[in-house]
Protein chains: 2
Amino acid sequence: MNNILLGHIRRYTSLSEAECSKLVDYFVYRHLQKKEWAMHANERCNFLYFVARGCMRGYFVDEAGVEKTTQLAIEGWWITDFQAFSQRRTTDCSYQAVEPCDVFCISEADYQRLLVAVPAMERYFRLMYEIGYGASLNRVKYLFAYSKKEIFLHFREQYPDFVNRVPQYILATFLGLTPEYVSKLRAERIS
Amino acid sequence: MNNILLGHIRRYTSLSEAECSKLVDYFVYRHLQKKEWAMHANERCNFLYFVARGCMRGYFVDEAGVEKTTQLAIEGWWITDFQAFSQRRTTDCSYQAVEPCDVFCISEADYQRLLVAVPAMERYFRLMYEIGYGASLNRVKYLFAYSKKEIFLHFREQYPDFVNRVPQYILATFLGLTPEYVSKLRAERIS
């Protein structure tokens, strides 16, 4: 399982064998059953998660009691409340397995130690966040620019894996749509 | 003027004097007049901008011809279409000075060279993107979670500088509101 994490890191940055063996000690492997929580709202956001297998989501519960999914992560993605993680604060989001998951987690303190011990990880995380930040800004643009139907079609085109794997009620709030509307679009088989 | 950029970088990462003097060669200083464009939609997104003084915005024009501001940057912020910049593609956004600006820009090729020549910059940009990514995810949460009035109030609380400096029509689309509604909220002097 370690190989999935190491393979991902080595796709983005060069690491010596010594650095690789040092690195794995900073991460804790964890299996999550479907619907199991990795982290709950109102806890201190102390962990960053790498999804080696499966799918996780981050969501909050709005004032009307509706769960709203704001983040999704499949294989090769990192997930946490990045702002709360950086600022060492509690999060108002919960992180849950959408499918059975194999994840690697690293605590905030170990993350800081790792970046000092293996400086090549600065490059790796710089690239991960550069990609994530760009994608997140793009998502805001879609939310502002497109009709509800176009948001769904664009997302399906860019991330077909998510559309096939994520339950309708989760996908709907992630895209700012109602589950009924997502169901209708799926049924229409829009091409 | 170089000192503003260097001072910002040194707040986040340690640099030797030799690294500092090497670093400045990678950036080009540019003054932008109010409403001057740094980059136009449909150009290759070849530059990353650091705002040393002033305020810049990124916006696109929707199908109805309405300008929608998706990014704002004041002193100490970096701005570009990060996804297009990373992927060396054309952008569909334009970048314009909201106020007279002093900026430092770096081309994509120089950015890659700089990261190799001064590896401490990996840490600096990792931190910049970690902060930016966290803020962007938070913004998506606000858009989903809050009423229009709450979005404005939260934003004003977190970023009072933007609310005071950015014209109403720009702020409105940035928050997904109409200019009339922002005007009404400002007039109400909601506390």
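Just above, that's the structure.
Residue indices follow the written sequence of each chain, beginning from 1 at its first position. Chains and ligands are labelled sequentially in the order written, the chains with letters from A and the ligands with numbers from 1. Given that the model is predicted, a residue must reach a pLDDT of at least 70 before its local features are reported, and side-chain atom pairs must reach 80 or more before they are shown or counted; all residues, however, enter totals for whole chains, interfaces and linings. Hydrogens and waters are ignored; side-chain quantities use all the structure's heavy atoms.

A. Here's a closer look at the interface of chain B and chain A. The partner chain A presents 38 residues to the 38 residues of chain B that form the contact. Put simply, buried area is the surface a 1.4 Å probe can reach on two separate parts but cannot reach once they are joined, added for both. Both sides of the chain B and chain A interface together cover about 3,600 Å² of buried area, and 60% of this is carbon and sulfur. Among the residues chain B hides against chain A, the three largest losses belong to B:Arg126, B:Tyr133 and B:Phe144. Together they make up 21% of the total. By convention in these notes, a salt bridge is any Lys or Arg side-chain nitrogen within 4 Å of a carboxyl oxygen on Asp or Glu. The tally of links between chain B and chain A comes to six salt bridges. In this structure, the salt-bridge partner of A:Arg123 is B:Glu122, at a minimum N-O distance of 2.7 Å. Whenever two N or O atoms come within 3.5 Å, that pair is a polar contact, provided that in protein one can donate a hydrogen and the other can accept it, and provided that, for residues adjacent in sequence, both atoms are side-chain atoms. For the pair chain B and chain A, the number of links is 13 residue pairs in polar contact (both at pLDDT 80 or more). For helices the rule is a DSSP run of H or I covering at least 4 residues; for strands it is a run of E covering at least 2, with both sets numbered from the N terminus onward. When contributions to the side of chain B that touches chain A are tallied by element, the ones reaching two or more residues are β5 (67-74), α3 (82-86), α4 (108-117), α5 (120-145) and α8 (168-174) of chain B. Three classes are used: nonpolar for Ala, Val, Leu, Ile, Met, Phe, Trp, Tyr, Cys and Pro, charged for Asp, Glu, Lys and Arg, and polar for all others, with Gly counted as polar. Among the residues making up the side of chain B that touches chain A, the classes are represented as 16 nonpolar, 11 polar and 11 charged. Contacts were defined at the residue level, with two residues in contact if any of their heavy atoms lie within 4.5 Å.

B. Representation of the relation of the copies chain B and chain A within the structure. When chain B is fitted onto chain A, the two copies agree to an RMSD of 0.0 Å after a turn of 180° and an axial shift of 0.0 Å. Each copy turns onto its partner about a two-fold axis. An overlap of 100% is found between the interface residues of chain B and their copies at the interface of chain A, pointing to a shared contact surface. All copies are superposed by least squares; the fitting set is the C-alpha atoms of residues with a pLDDT of at least 70 in both.

C. Layout of the environment of A:Gly176. One can find A:Gly176 in the loop between α8 (168-174) and α9 (179-188). Burial classes: relative accessible area under 20% of the type maximum marks a residue as buried, over 50% as exposed, and values in between as partly exposed (1.4 Å probe, protein chains only). We classify A:Gly176 as partly exposed; its relative accessible area is 33%. The spacing of A:Gly176 and A:Lys68 is 108 residues in sequence and 8.6 Å in space, taken between C-alpha atoms. If we ignore the near neighbours within four places in the chain, the residues touching A:Gly176 are A:Lys148 and B:Phe144.

D. Just the pairing of strand β5 (residues 67-73) of chain A, in detail. Residue and element names in this part refer to chain A. Among the seven residues in β5, six count as buried, and that is most of the element. In this sheet, β5 lies alongside strand β4 (residues 56-61) in antiparallel orientation, the contact comprising six bridges. For Phe 60, the partnering residue across the bridge sits in β5 and is Lys 68. In this analysis, strands are considered paired if DSSP registers two or more bridges between them. What sits between the antiparallel neighbours β4 and β5 is a turn of five residues, in which Gly 65 has the positive phi angle 85°.

E. The arrangement of the state of the cysteines in detail. All names here are of chain A. Any cysteine sulfur atom paired with another within 2.5 Å is treated as part of a disulfide. Scanning all chains against the criterion turns up zero disulfides over all chains. The closest cysteine sulfur to the non-disulfide-bonded Cys 20 is located on Cys 105, 19 Å from its own sulfur. Residue Cys 20 is classed as buried on the basis of its relative accessible area of 5%. Left without a disulfide partner, Cys 105 is nearest to the cysteine sulfur of Cys 45, which lies 12 Å away. We classify Cys 105 as buried; its relative accessible area is 6%.

So far we have only geometry, and geometry alone does not tell us how the molecule works.
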